[in-house]
Amino acid sequence: DALPILALTESSDEVAAPVGVNTPVDARTEQVRAFVLHCYQTALLREPAAEEADYFVNQILGGQMTSKDIMRAFVFSPEFQNLRNDNTAFIRTLYQLCLNREADAIGLNYWINQLANGESAAAAFNALTENAEFVQVCAAYGIPSGVDPEAIRTPEAPAIEEDEEAPAAPASEYANKERVRAFDAR
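The structure contained in this document is the topic of the report that follows.

Each value, and the rule that gives it
- Residues numbered from 1 in each chain as written.
- Predicted model: local features only at pLDDT ≥ 70, side-chain atom pairs only at ≥ 80, totals over all residues.
- Heavy atoms only, no water.
- Salt bridge = Lys/Arg side-chain N within 4 Å of Asp/Glu carboxyl O.
- Helix = DSSP H or I, 4+ residues; strand = E, 2+ residues; numbered from the N terminus.
- Buried < 20%, exposed > 50% of the residue type's maximum accessible area, 1.4 Å probe, protein only.
- Phe/Tyr/Trp six-rings, centres within 6.5 Å; stacked < 30°, edge-to-face > 60°.

**Concerning the pattern of salt bridges**
For the structure on display, the rule yields seven salt bridges. The partner of Asp69 in a salt bridge is Arg72, with the nearest N and O atoms 3.4 Å apart. Within this pair, Asp69 and its partner Arg72 are both found in helix H3 (residues 67-75), separated by three residues, close to a single helical turn. Given the relative accessible area of 26%, Asp69 is considered partly exposed.

**Notes on the packing of aromatic side chains**
Counted according to the given criterion, the structure contains eight aromatic pairs. Here the aromatic rings of Tyr40 and Phe74 are separated by 4.7 Å at their centres, their planes lie at 90°, and the arrangement is edge-to-face. Highlighted residues: Tyr40 in helix H1 (residues 27-44) and Phe74 in helix H3, separated in sequence by 34 residues. We note that Tyr40, like Phe74, is buried. Grouping aromatic residues by their ring pairs yields a cluster made of Tyr40, Tyr55, Phe56 and Phe74.

In structure tokens, the structure reads:
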């Protein structure tokens, strides 16, 4: 069994669906495949090999991975890191990948400043994937987001005042640990 060329950054004890398994071509499979192609084209700026695409399609269809899991695998892969060597490119790509749109000026500047001041890439990733807009993008592809409903920020949340410090990421155990480490480092 061949592994996908894109190596996952976190080890897992889960048994993956075999690469290249022929799945019936139906509307759901096509939606999932479109999502996987979006990830490769946006994050890695290339088309996937057939076995790479099949691997991730089968992971979603088999319930082993969610869209957030797959996006995390792309964003924290060595291939992605080699392509995005500055904060601006990183944030612009995160917006395209996670929200399927260009970064707005306020969000782009906020995250560039946060990263420049020591915030982690994981906090930026979590913030962009733990919100209602990301969940809607996933729903458009017909795939599970992988986001805890308790962690989702909604568009109805109050706007950030210019003098207020915005939260780096939604309240989650991982994000809170990252914020504590960042606070201790400062």
